[in-house]
Amino acid sequence: MEMRQTEFVLVDLDRLGTKMKIIFVRHGEPDYSMLDKLENPQLYSGFGRDLAPLTGKGRCLAKEVAKTACFGKAEIIISSSVTRALETAHYIAVETGLDLFVEPFFHEWRPDLNGTNSDLTSVLVAHEYYLKHQGGLPEDSPYRYETALEMRHRFLRALEKYKNYKTIIIVTHGMLMRQFVPNEKIDFCQVIECELEI
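Residues numbered from 1 in each chain as written. Predicted model: local features only at pLDDT ≥ 70, side-chain atom pairs only at ≥ 80, totals over all residues. Heavy atoms only, no water.

Enquirer: Can you lay out the packing of aromatic side chains for me, pointing to particular residues and giving the numbers?
Expert: One pass over the structure, following the stated rule, counts 10 aromatic pairs. Consider the rings of Phe-24 and Phe-155, whose centres lie 5.9 Å apart with planes at 40°: the pair is tilted. With Phe-24 in strand S1 (residues 19-26) and Phe-155 in helix H5 (residues 148-159), the pair connects residues that are 131 residues apart, well separated along the chain. When its relative accessible area of 0% is taken as the criterion, Phe-24 is described as buried. Judged by centre distance (6.5 Å) and plane angle (70°), the ring pair of Tyr-129 and Tyr-145 falls under edge-to-face. Placement of Tyr-129 in helix H4 (residues 120-132) and of Tyr-145 in the loop between H4 and H5 is noted, with a sequence separation of 16 residues between them. With relative accessibility at 17%, the residue Tyr-129 sits in the buried group. Judged by relative accessible area, which is 0%, Tyr-145 ranks as buried. (Phe/Tyr/Trp six-rings, centres within 6.5 Å; stacked < 30°, edge-to-face > 60°. Helix = DSSP H or I, 4+ residues; strand = E, 2+ residues; numbered from the N terminus. Buried < 20%, exposed > 50% of the residue type's maximum accessible area, 1.4 Å probe, protein only.)

Take a look at the structure:
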C-alpha cells in the first residue's frame with residue numbers, strides 16, 4: 001500500500017522545465033546577544049547561533065514587510081527552519097493567512113563542513129576566502145565550506161517538492177538568495193521577486 005503525505009501536492013512530472021515565481025524574503029535582524037552573554041558562548045557556535053530570535057527592531061520590520069502587496073499572489077510560504085527566518089515567516093503567515101511550510105534545506109550558507117572553523121573569527125575568514133574564490137573551493141583550501149554551486153543545488157533539490165505551485169514566498173538567508181538574484185547587498189526583510197525554471 002502506497003503512503004502519501006497530504007501536506008504536499010504531488011509532483012506533476014509534466015511540469016518539468018516550467019517556471020516558478022519566487023518571492024524571496026530575507027529574514028529580519030537576529031539578536032545574538034543572549035547567546036553572546038552566556039558564560040560559555042562557544043557552546044552556541046556554528047548551528048547553535050541559528051537558535052537566536054529576532055531583535056525588537058527585527059520583529060517590527062517583519063510585521064511591516066508582512067503587508068507587502070505582492071504576497072497576495074502567493075500560494076504558500078516556505079521558510080528556512082532557522083529561527084530568524086521562521087519567526088519572520090510567522091508574521092507573514094499571520095498577515096496573509098497562507099500555509100507555512102518549514103524547509104530545513106533552505107538554511108544559510110555553511111561556512112564549516114568539517115568542524116574546524118566554527119568560531120566567529122574563523123567563519124569570517126572562511127567567508128572572505130569564499131568571496132576571494134567567487135564561491136568556489138580550491139583543492140588546497142584551508143577551509144571546507146559549502147560552495148556556491150553546492151548551495152544552489154541544495155536549494156533546487158529541496159524546491160522540487162513544491163514544483164506544483166506557481167508562486168511561492170520563500171523566507172531565507174542572504175547568501176542563499178544571492179545564488180539566484182544579482183543583488184550584492186540584501187537588507188533584512190528585503191523582498192526580491194524572481195522567476196526560476198525548475
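Anyway, onward from the coordinates.
Enquirer: Give me the pairing of strand S3 (residues 100-103): which residues, what numbers.
Expert: Looking down a regular strand, the side chains alternate between one sheet face and the other. On S3, burial follows the alternation: Phe-101 and Glu-103 on one face are buried, whereas Leu-100 and Val-102 on the facing-out side are not. Assessed by its sense of winding, the connection that carries the chain from strand S2 (residues 76-80) through helix H3 (residues 83-96) to S3 is right-handed. (Right-handed = clockwise from strand over helix to strand, strands pointing away.)

Enquirer: Tell me what's going on with the pairing of strand S5 (residues 191-197), and back it up with residues and numbers.
Expert: Residues of S5 alternate between two faces, with Ile-192, Cys-194 and Leu-196 buried on one and Val-191, Glu-193, Glu-195 and Glu-197 left unburied on the opposite face. Strand direction decides the pairing type here: S1 and S5, joined by 7 bridges, are antiparallel. From the neighbouring strand, Lys-21 faces S5, where its bridge partner is Glu-195. (Pairing = 2+ DSSP bridges.)

Enquirer: I'd like to hear about the environment of Leu-156, residue by residue, with values.
Expert: For Leu-156, the position within the fold is in helix H5. Along the sequence, Leu-156 and Leu-196 sit 40 residues apart, while their C-alpha atoms lie 9.5 Å from each other.

Enquirer: Can you explain the side chain of Glu-146? Please cite residues and give values.
Expert: Positionally, Glu-146 belongs in the loop between H4 and H5. Excluding residues that lie within four positions of it along the chain, Glu-146 makes contacts with His-107, Glu-108, Trp-109, Arg-110, Leu-113, Tyr-130, Met-151 and Arg-154. (Contact = heavy atoms within 4.5 Å.)

Enquirer: I'd like to hear about the sheet that holds S5, residue by residue, with values.
Expert: Spatial ordering of the open sheet is given by S3-S2-S4-S1-S5, a layout of 5 strands whose pairing is mixed. The two strands at the open ends of the sheet, each matched to only one other strand, are S3 and S5. Strand-to-strand twist of the sheet, defined as the mean angle between neighbouring strand axes without regard to direction, takes the value 30°. With 6 bridges joining them, S1 and strand S4 (residues 167-172) adopt parallel strand pairing. Within S4, the position partnered with Phe-24 by the bridge is Ile-170. Together, S1, S2, S3 and S4 form the strand contacts of H3, whose direction differs from that of S2 by roughly 165°. (Axes fitted to C-alpha atoms, helices over the stretch in contact; angles between N-to-C directions.)

Enquirer: Kindly report on the nonpolar core, identifying the contributing residues and their values.
Expert: Counting 32 residues, the largest nonpolar core has Ile-22, Phe-24, Phe-155, Leu-159, Ile-168 and Ile-170 as its most contacted members. Counting only elements with at least two residues in this core, the list comes to S1, S2, H4, H5, S4, helix H6 (174-177) and S5. With 5 residues, the top contributor of residues to this core is H5. One finds Val-25, Ala-85, Ile-92 and Ile-169 within the second-largest nonpolar core, a separate group that totals 19 residues. (Core = buried A, V, L, I, M, F, W, Y, C linked by side-chain atoms within 4.5 Å.)

None of this, on its own, says anything about what the molecule does.
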